[in-house]
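Architecture at a glance
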Amino acid sequence: MRFVGIDFGWERGASGLALLDRDGTSLKLRELELREEPREIVRWVEERAGEDAVVAIDAPTVIPNKTGMREADRLTQERYGRYDAGCYPASRARVYWKRTTGFAKALERAGFAHGGEMAARAKGRWQIEVYPHAAAVQLFTLRRILKYKRGTVAGRAEALGELRSLLLHRLPLATPRLAPPELPEIPKGGRALKQVEDKLDALLCAYVAAHWWYWGRTRNDVLGDAARGYIVVPHRRTGAVPLSDLRESYLLAGLDESAMAKDAITQFEEWFEQARTAGLPEPNAMTLATATSNGEPSARVVLLKGLEGNSFVFYSNYESQKGRELDENQRAALVFYWPELERQVRISGTVSRVSREESEAYFRSRPEGHRLGAWASEQSAVVGGRATLEAALEQARVRFAGGEIPLPPSWGGYRLKAQAIEFWQGRPDRLHDRIRYRASGGVWLIERLSP
Ligand SMILES: Cc1cc2nc3c(=O)[nH]c(=O)nc-3n(C[C@H](O)[C@H](O)[C@H](O)COP(=O)(O)O)c2cc1C
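Turning our eyes to something else, we now look at the overall build of the protein chain. Helix and strand content of the protein chain: 11 helices and 18 strands. Oriented by its inertia axes, the alpha-carbon framework of the protein chain measures out at about 80 × 55 × 40 Å. Looking at the protein chain alone, contacts between residues at least 24 apart form 67% of all its contacts between residues at least 6 apart.

Turning to the environment of serine 440, a few remarks are in order. Among the structural elements, serine 440 can be located in strand β17 (residues 433–440). Counting along the chain gives 20 residues from serine 440 to alanine 420, while the straight-line C-alpha distance between them is 9.5 Å.

Read from one edge to the other, the open sheet built from seven strands follows the order β5-β6-β4-β1-β2-β3-β7, with strand pairing classed as mixed. The sheet is open, and its two edges are formed by β5 (113–114) and β7 (177–178), each paired on a single side. As paired elements, strand β4 (residues 53–57) and strand β6 (residues 125–129) share five bridges and run parallel to each other. Bridging across to β6, alanine 53 finds its partner in arginine 125.

Annotation of the protein chain at the domain level lists domain 1 (2–242) and domain 2 (257–449). Centre-to-centre separation of domain 1 and domain 2, based on C-alpha positions: 42 Å. Facing six residues of domain 1, the contacting portion of domain 2 comprises five residues. Partitioned by chemical class, the residues of the side of domain 1 that touches domain 2 number one nonpolar, four polar and one charged.

All right, on to the site of the ligand then. Close to the ligand lie 16 residues; Arg300, Ser316, Ser320, Gln321 and Ser380 are nearest. Put simply, the parts of the chain that give the shell around the ligand at least two residues each are β11 (297–303), β13 (311–317) and α8 (321–328). For the shell around the ligand, the leading source of residues is β11, giving five residues. The class makeup of the residues in the shell around the ligand is six nonpolar, seven polar and three charged.

Following both chains from N to C, one finds helix α1 (residues 38–49) and helix α3 (residues 97–109) inclined at 30°, their axes separated by 10 Å at the closest point. One way to sum up the angle between α1 and α3 is to call them roughly parallel. Considering the relative orientation of α1 and α3, their crossing is right-handed. When α1 is examined against α3, the residues Pro38, Val42 and Val45 are found in contact with a partner set consisting of Arg99, Gly102, Phe103, Ala106 and Leu107. Here the contact of α1 with α3 is composed, by residue class, of six nonpolar, one polar and one charged.

Thresholds, definitions, all that
Residues numbered from 1 in each chain as written. Predicted model: local features only at pLDDT ≥ 70, side-chain atom pairs only at ≥ 80, totals over all residues. Helix = DSSP H or I, 4+ residues; strand = E, 2+ residues; numbered from the N terminus. Contact = placed C-beta atoms within 7 Å. Pairing = 2+ DSSP bridges. Domains from an automatic or database assignment. Nonpolar A, V, L, I, M, F, W, Y, C, P; charged D, E, K, R; others polar. Near = placed C-beta within 6 Å. Axes fitted to C-alpha atoms, helices over the stretch in contact; angles between N-to-C directions. Parallel < 35°, antiparallel > 145°, perpendicular 65-115°, else oblique. Left-handed = near helix turned anticlockwise from the far one by under 90°.

Written out as structure tokens, the structure reads:
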């Protein structure tokens, strides 16, 4: 699926163009360009869009009214006026109307139907009208729009720098995820500034196209309608949604026993690799559940640091709460959750310590600060204040200055030998796929569980 953003020159001049490609579960920025002529832009889009694409245009694409204001503009003004996102009322009295609507018509002739009614994740060629200022307010939870279109050159450059930083740092954390893009630097002023502005706006439009395709109406508003003109605006993440209504629809994939590896670890490696290549933040973060000998449970996140045979390796402090619990009770469980892939993996088994040599080898590979930190922290013990910790770190720094930082006696690795591994894939209507592997006499028994 491809997504194109067009910061259209309403009356004349260059338009910014951005092309995103959905690769695995991440969006990748493929092109960021400028083009002058609407005809040239249509060709640019046609050459790149492929069969399945959503094109988002920052310009009024449907204007049936001779004068006055479109319903879409009225609603936009009503909702976003308070963020200073004033909307220009589009009508046929405006000089640009033929150019902007003509452009949308040319796209229609190229097969891009108006997508204000399209279903989420529909295939095919679509176009939508968008409004980047309102989109930025929503996607980035802004109190006011970023004023990079108006005002002094220095003020515009500063606001554009903020937009650049939000695109760069926030969209990689959003869903759908944008792989950190390479973006042009903000020039000091003049023509070059306008060009970068057109490109960054186009990228924002392209992201809105992807957001609309991915979430449909569950996380976007359509202001107006296809006959009278409409604008698609993303929703603010989830802030205003009551907890009881926070739920996703799982549509990405299914699990078929026949297509899964015979070996649970091979299957895990495959999913883990997919989580890695999808660019998820910390795909190796897993929740580790332990319990005392009388069954008092506790859980926390640790990082997977290796796979050895059927064992999952992580490192920690042997005298921490988890360390003490694992001394008493070797039964433990791990959970990975990769929301962007709509996947969960549950593992249960028995934990033992890795060899001292193995812990030493791993410890040596850690950055110096982490090694000193391991000396400074009596993990899980009550500490008087932050200053105590910092003093302990400083002491460790002095103690090992210039020399090797050895492995602390209370620090090292654990391996959880898996006895069962369950692969969970979210599916529509809560009929999720669950495939569980159980180790039995040197082989894995594979069973499907009811969701
Ligand atoms: C993303 C993430 C990764 C973590 N990785 C580790 C780790 O690899 N080892 C570890 O001991 N603690 C790790 N922690 C901290 C633990 O969650 C926990 O705070 C700490 O181990 C103390 O837990 P305990 O008191 O239950 O023993 C991590 C926390 C987070 C959020």
